[in-house]
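Reading the structure
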Protein chains: 2
Amino acid sequence: MLPFRETSLAIFGPGLLGGSLLLDARELGCRQLRVWARREESLTAVRARGLADFASTDARAVADGADLLVLCVPVGGMKSLAEQIVTASPAPGALVTDVGSVKAAVLAGAGAVCAAAGIPFIGSHPMAGAETAGLEAARRQLYQGAACILTPEPDTAPEALARLEAFWQALGCRTALMDAARHDALVARISHLPHLAAVAATLASFQPDPAMAQFAAGGLRDTTRVASGPPGMWREILLENRSALLPALADLHRTTGELLEILQEADEERLLAVLTTAQQLRATRY
Amino acid sequence: MLPFRETSLAIFGPGLLGGSLLLDARELGCRQLRVWARREESLTAVRARGLADFASTDARAVADGADLLVLCVPVGGMKSLAEQIVTASPAPGALVTDVGSVKAAVLAGAGAVCAAAGIPFIGSHPMAGAETAGLEAARRQLYQGAACILTPEPDTAPEALARLEAFWQALGCRTALMDAARHDALVARISHLPHLAAVAATLASFQPDPAMAQFAAGGLRDTTRVASGPPGMWREILLENRSALLPALADLHRTTGELLEILQEADEERLLAVLTTAQQLRATRY
């Protein structure tokens, strides 16, 4: 199952996720590391850390001869990369995947481009850190213990899927399979909705008098933590997953409305019921 | 300023907050520790840890001769304790305070009872852990570095206030003074509202399919953390601070509505603006 020493791995976008892949792949004895970046300076940093056998800003050149091609760029940039890759000559049996945090949009874009060219594409979402903190934040074993969701389609070849699962498992991931729509609904609930809840809590808690926050203890800090994430990146993620996120956000808005109604009516019984439900739901995981 | 070795300290309710006070007071060389608990078993545990020179379920007996009396029971039980204390014979110049997380209700209840009997009462809110985890969770230096808000009234004697500030500072608190209404508005924003935001996020994120949470990373965990707090205790806190919390919760509900509208309209510009505002507000503290 994809012995690393026989694999030519091509990473497109050596940021936190791509760079960490390179670090682990080097350690695992990958036959060849090929790296594409948009900017030459990024490649200089990659070369300086000994993480590329071939590095170029020419995506076609990087794709040539590669066995496994991993798109680690923002979701909005994946389709045009795929369009370049399919004009190159990857190795026979080459497989393309990505690390984007939404999947339906990726399959409809980069996935469709690859499929039309006869190159297998399977979406991946390793859930290992959301910040696009760049190569300097990359580290070994970033993927160790993380969940990685793969989103095969009905016509995905079982051998290709098995190879991709083996790849992520070699990096330490727990893999799971589901279709892209279910994946997107899932991340809407467990990642994108908590982000918006944190943003709403930050605005409502801080805005009347930001100086008040000096008195806050751990509750405010933790509830709002993710609202410190990069606004530009989160705008992109939230809009890309808009259709799956809308019903979740409508639930959140309805829930804050229910809480408001309960407090307006000082309804002790209903208040205890929702607090208890929340405590019990959270106990299923934490 | 209240040298501990000359002070007879009476703690009413040896739970996390009261028990931690006893541990520090013993270490600081308090002249006498007097402890009241509702149940005899609680007093047995207090005696076993050497934290009481006198312990009783009779609040009057515990109040007799005490210099500083600290109510460490739930806010709903403070007024009836005060009614017993004022029939006792505390030391001349005795001062009563509390550790409740809301202040207007305490001043209107226990505070008014003490004032009517000529015993000075000043509200305190040491912000050091919200769980009523009992004596077994009590520990030394719980208060070290915590903010402690005191809520003097226009007729509070400056000497009494100075004594109380010195007490909390001796325990390591940073003290701040404000009136009870401002205190309650503050904790509504920095503690009670984040709690409800975490509850709403938990319900909206987990309810459709609790099994999904197995895939969650740190964002869901932190945003919802405080929703695991004891429902009974939080019901009491939220209802006690209801009038200050209502406008804050209305803001949260309005904000989730704005986010929903932005996402429905896929309004890129407004989305970036709110994400940026939240990031900047949070950066004022964290």
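Residues numbered from 1 in each chain as written. Chains lettered and ligands numbered in written order. Predicted model: local features only at pLDDT ≥ 70, side-chain atom pairs only at ≥ 80, totals over all residues.

Counting its regular elements, chain A contains 11 helices and eight strands. In terms of overall dimensions, chain A has a C-alpha envelope of 70 × 40 × 30 Å along the principal axes. For chain A, with 286 residues in total, the buried portion stands at 53%. Taking the intrachain contacts of chain A between residues at least 6 apart in sequence as the baseline, contacts between residues at least 24 apart amount to 72%. (Helix = DSSP H or I, 4+ residues; strand = E, 2+ residues; numbered from the N terminus. Buried ≥ 20, exposed ≤ 12 C-beta atoms within 10 Å, placed from the backbone. Contact = placed C-beta atoms within 7 Å.)

The next point concerns the nonpolar core. The biggest cluster of nonpolar side chains holds 203 residues, and the ones touching the most others in it are Phe 12 and Val 35 of chain A together with Phe 12 and Val 35 of chain B. Beyond its immediate sequence surroundings of up to four residues, Val 35 of chain A is in contact with Ile 11, Pro 14, Leu 22, Leu 43, Val 46, Leu 51, Ala 52, Ala 55 and Val 62 of chain A. (Core = buried A, V, L, I, M, F, W, Y, C linked by C-beta atoms within 7 Å.)

Residues and elements named next belong to chain A. Here chain A is described as being made up of domain 1 (4-178) and domain 2 (183-283). If you average the C-alpha positions of domain 1 and of domain 2, the two centres end up 33 Å apart. Across the boundary between the two partners, domain 1 contributes 15 residues, which contact 10 residues of domain 2. Counting residues per element, the ones that place at least two in the side of domain 1 that touches domain 2 are helix 5 (104-116) and strand 7 (147-151). (Domains from an automatic or database assignment.)

Further remarks concern the sheet that holds strand 1 (residues 8-12) of chain B. All names here are of chain B. Strand order in the open sheet made by the five strands is 3-2-1-4-5, with parallel pairing throughout. Lying at the two open borders of the sheet, with one neighbouring strand each, are strand 3 (54-56) and strand 5 (95-98). Going from strand to strand, the sheet's axes swing by 15° on average, the running direction of each strand aside. Both strand 1 and strand 2 (residues 32-36) contribute to a ladder of five bridges, which runs parallel. Within strand 2, the residue paired with Leu 9 across the bridge is Leu 33. (Pairing = 2+ DSSP bridges. Axes fitted to C-alpha atoms, helices over the stretch in contact; angles between N-to-C directions.)

Attention now moves to the interface of chain A and chain B. Taken together, the 78 residues of chain A in the interface contact 78 residues of chain B. Looking at the side of chain A that touches chain B, the elements that each hand over two or more residues are strand 7, helix 7 (180-206), helix 8 (218-224), helix 9 (231-240), helix 10 (242-264) and helix 11 (268-283) of chain A. A per-element tally of the side of chain A that touches chain B places helix 7 of chain A first, with 18 residues. Tallied by class, residues from the side of chain A that touches chain B come to 48 nonpolar, 20 polar and 10 charged. (Nonpolar A, V, L, I, M, F, W, Y, C, P; charged D, E, K, R; others polar.)

The packing of two helices is summarised by the inter-axis angle and the distance between the axes. Residue and element names in this part refer to chain B. Close contact between helix 7 (residues 180-206) and helix 10 (residues 242-264) brings their axes to 9 Å; oriented N to C, the two are set at 50°. When the axes of helix 7 and helix 10 are compared, the pair comes out oblique. Two packed elements cross with a definite hand, and for helix 7 against helix 10 that hand is right-handed. Contacts between helix 7 and helix 10 pair Asp 184, Ala 185, Ala 188, Arg 189, His 192, Leu 193, Leu 196 and Ala 197 from the former with Ala 244, Leu 245, Ala 248, Leu 249 and Leu 252 from the latter. Across the contact of helix 7 with helix 10, the residue classes tally to 10 nonpolar, one polar and two charged. (Parallel < 35°, antiparallel > 145°, perpendicular 65-115°, else oblique. Left-handed = near helix turned anticlockwise from the far one by under 90°.)

Overlaying chain A with chain B gives an RMSD of 0.1 Å, the required rotation being 180° about an axis along which the chain moves by 0.0 Å. The transformation just described matches what one would write down for a two-fold rotation axis. Within chain A, Thr 223 of chain A has its C-alpha nearest the rotation axis, a separation of 2.0 Å. Of all interface residues in chain A, 100% are interface residues in chain B too; the two copies therefore contact each other through one and the same surface. (Least-squares fit on C-alpha atoms with pLDDT ≥ 70 in both.)

In this section: helix 7 of chain A. Residues separated by three or four positions in an α-helix point in the same direction, a consequence of the helix having 3.6 residues per turn. Between the first and last C-alpha of helix 7 of chain A there are 37 Å, a value that for 27 residues agrees with the 39 Å anticipated at 1.5 Å per step. Considering bend angle alone, the principal kink of helix 7 of chain A is centred on Ala 188 of chain A and spans about 45°. (Expected span 1.5 Å × (residues − 1). Bend = angle between axes of the 7 residues up to and from the residue.)

Attention shifts here to unusual backbone geometry. The backbone of Ala 266 of chain A sits at a positive phi, close to 50°, despite the residue not being glycine. Considering the arrangement of structural elements, one finds Ala 266 of chain A in the loop between helix 10 and helix 11. Take Ala 266 of chain A: there are 12 C-beta atoms within 10 Å of it, and that puts it in the exposed class. At Gln 141 of chain B, a residue that is not glycine, the phi angle is positive and equals roughly 60°.

A separate point is helix 6 (residues 158-170) of chain B. All names here are of chain B. In this model, helix 6 (13 residues) spans 18 Å end to end at C-alpha, consistent with the 18 Å of a helix rising 1.5 Å per residue. At its buried positions, helix 6 is contacted by strand 4 (68-71), strand 5, strand 6 (123-126), strand 7 (147-151) and strand 8 (174-177). Positive backbone phi, approximately 100°, marks Gly 172, located one or two places after helix 6.

Turning our eyes to something else, we now look at the environment of His 195 of chain A. Along the chain, His 195 of chain A turns up in helix 7. Taking the C-alpha atoms as reference points, His 195 of chain A and Val 226 of chain A, 31 residues apart in sequence, are found 6.0 Å from one another. With sequence-adjacent residues up to four places away left out, His 195 of chain A is seen in contact with Val 226, Gly 229 and Trp 234 of chain A together with Gly 219 of chain B.

Residue and element names in this part refer to chain B. Pairing is mixed across the open sheet formed by three strands, whose spatial order is 6-7-8. Edge strands, defined here as strands with exactly one partner in the open sheet, are strand 6 and strand 8. Adjacent strand axes in the sheet meet at a mean angle of 20° when their direction is disregarded. Bridge analysis of strand 7 against strand 8 gives four bridges, and the strand direction is parallel. By the bridge assignment, Ile 149 is partnered in strand 8 with Ala 176. Along the sheet, helix 6 contacts strand 6, strand 7 and strand 8; its crossing angle with strand 7, the most-contacted strand, is approximately 165°.

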